[in-house]
Amino acid sequence: MNLTDFPLAQLLWWVFASMTVGGALGTITRKNPIASLLFLVLTFFSLAAIYTMLGAYFIGAVQVIVYAGAILVLFLFTIMLLNLGHQYRSDLRGGLWIVVAFVAAGSIGFVLWRAFMTPGAVVQLDGQQRIAAGVSELNAVGVIAQPLFRDFLVAFELTSILLLVAIIGAVLLSKRRV
Amino acid sequence: MQMDIGQLSLVLSAVLFSIGVAGVIFRRNAIILFMCIELMLNAVNLAFVALSRAVGIEGQVFVFFVMTVAAAEAAVGLALVISIFRHAETVDTKNFNLLRW
């Protein structure tokens, strides 16, 4: 049984999509950095719901744990450490920059929209059926773990080096007197 | 109109990405610039997940790598922001003109 066969799923998709877009718009327009961050949390939670509706159960869980749980708490910690929460001076750029932003965002959005909406743009290689078969055989974690530790093993090990470098870099940067 | 939520999610990812671009262009607070970059990374993740319905599980594996890079980027970027804040007492990018001519 597929979750997306119900019209209710479509309705829920629209609810979560509008929460995502609303949260994103709140993020880029709020003056207070903490309000902005909380809107971003709303965006990330709604994205986790959308991932789950798309059948990526593990990615949905990781989105909540890693993004909403770890990365955004790091942001919140930094904002509160630097005591920026009650600095309501607007940091929006002036007139010409707003126009540039709208033109750039509009053209990028338009190009992507046209690319994705063209009939036949997405080649269906029955991935959905293969993922469903994998989930029923290996469950939601195993279906990602198997290619991760088999086909992408080198990339996975390089990821650990990347994280090590990032940790050392962060410690060095924040310890050193500038 | 009854549309496949996979294709709708691709459109949603385009919308999220352009909102992130707009935010990076018209905000000046360095921390909010990082948030907009996270927003763009999430838009790409959404496109990967939506395409994994057509192509296979590899899209979801790539999301895993993108999340790792995002975590590393956030750690180093926020350390840089703290370092700059200690030096200049502000996170507003209009005050950082050391490398600008």
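Throughout what follows, the structure given in this document is the object of discussion. This one's a predicted model, so the numbers in the text were calculated from it and none came from an experiment.

Thresholds, definitions, all that
- Residues numbered from 1 in each chain as written.
- Chains lettered and ligands numbered in written order.
- Predicted model: local features only at pLDDT ≥ 70, side-chain atom pairs only at ≥ 80, totals over all residues.
- Heavy atoms only, no water.
- Phe/Tyr/Trp six-rings, centres within 6.5 Å; stacked < 30°, edge-to-face > 60°.
- Helix = DSSP H or I, 4+ residues; strand = E, 2+ residues; numbered from the N terminus.
- Buried < 20%, exposed > 50% of the residue type's maximum accessible area, 1.4 Å probe, protein only.
- Salt bridge = Lys/Arg side-chain N within 4 Å of Asp/Glu carboxyl O.
- 1 Å grid on protein atoms, 1.4 Å probe; cavity = no way out; pocket = protein on both sides within 12 Å on 5 of 7 lines; lining within 4 Å.
- Points joined across faces, edges and corners; volume = space filled by probe spheres on them.
- Nonpolar A, V, L, I, M, F, W, Y, C, P; charged D, E, K, R; others polar.
- Polar contact = N/O pair within 3.5 Å; in protein donor to acceptor, adjacent residues only side chain to side chain.
- Contact = heavy atoms within 4.5 Å.

So, the packing of aromatic side chains
For step 1, the next point in the chain: A full pass over the atoms with the stated rule returns seven aromatic pairs over all chains.
For step 2, the next point in the chain: Relative to Phe62 of chain B, the ring of Phe48 of chain B has its centre 5.7 Å away and its plane inclined at 70 degrees; by these criteria the two rings are edge-to-face. Of this pair, Phe48 of chain B sits in helix 2 (residues 30–55) while Phe62 of chain B sits in helix 3 (residues 58–88), placing them 14 residues apart in sequence.
For step 3, the next point in the chain: The partly exposed category is assigned to Phe48 of chain B, whose relative accessible area is 25%.
For step 4, the next point in the chain: When its relative accessible area of 37% is taken as the criterion, Phe62 of chain B is described as partly exposed.
For step 5, the next point in the chain: Taken together, Phe152 of chain A together with Phe48, Phe62 and Phe65 of chain B form an aromatic cluster joined through their ring pairs.

Topic: the pattern of salt bridges
All names here are of chain B.
For step 1, the next point in the chain: If you walk through the whole model with that rule in mind, you get one salt bridge over all chains.
For step 2, the next point in the chain: The salt bridge involving Asp92 is made with Arg28; its shortest N-O contact spans 2.9 Å. Within this pair, whereas Asp92 is found in the segment after helix 3, its partner Arg28 is found in the loop between helix 1 (5–26) and helix 2, the two being separated by 64 residues in sequence.

Section: empty space enclosed by the protein
For step 1, the next point in the chain: All told, the structure shown has one cavity of 30 Å³ or more when counted by the stated rule.
For step 2, the next point in the chain: Reported here for the largest cavity is a volume of approximately 30 Å³.
For step 3, the next point in the chain: Taken together, Gly55, Ala56, Tyr57, Phe58, Val135, Ala140, Val143 and Ile144 of chain A together with Gln60 of chain B make up the full set of residues lining the largest cavity.
For step 4, the next point in the chain: Counting residues per element, the ones that place at least two in the lining of the largest cavity are helix 3 (57–81) and helix 5 (127–150) of chain A.
For step 5, the next point in the chain: If one sorts the elements of the lining of the largest cavity by residue count, helix 5 of chain A sits on top with four residues.
For step 6, the next point in the chain: Residue classes in the lining of the largest cavity are distributed as seven nonpolar, two polar and no charged.

Description of the side chain of Asp92 of chain B
For step 1, the next point in the chain: Judged by its relative accessible area of 10%, Asp92 of chain B falls in the buried class.
For step 2, the next point in the chain: Only 2.9 Å separates the side chain of Asp92 of chain B from the side chain of Arg28 of chain B, close enough to count as a polar contact.
For step 3, the next point in the chain: Those residues in contact with Asp92 of chain B, other than ones at most four positions away along the chain, are Asp91 of chain A together with Arg28 of chain B.

Things to note about the interface of chain A and chain B
Frequently, the measure chosen for interface size is the accessible area that the parts lose on association.
For step 1, the next point in the chain: The partner chain B presents 73 residues to the 83 residues of chain A that form the contact.
For step 2, the next point in the chain: At the junction of chain A and chain B, the tally comes to zero salt bridges.
For step 3, the next point in the chain: In this structure, the connection of chain A to chain B is made through six residue pairs in polar contact (both at pLDDT 80 or more).
For step 4, the next point in the chain: Where the side of chain A that touches chain B is concerned, the elements lending two or more residues are helix 1 (7–29), helix 2 (33–53), helix 3, helix 4 (95–117), helix 5 and helix 6 (153–175) of chain A.
For step 5, the next point in the chain: With twelve residues, helix 4 of chain A is the largest single contributor of residues to the side of chain A that touches chain B.

Brief notes about the environment of Gly77 of chain B
Residues and elements named next belong to chain B.
For step 1, the next point in the chain: Following the sequence through the fold, Gly77 ends up in helix 3.
For step 2, the next point in the chain: Exposure remark for Gly77: the relative accessible area of 4% places this residue in the buried category.
For step 3, the next point in the chain: The sequence separation of Gly77 and Phe34 amounts to 43 residues, and the corresponding C-alpha distance is 7.6 Å.

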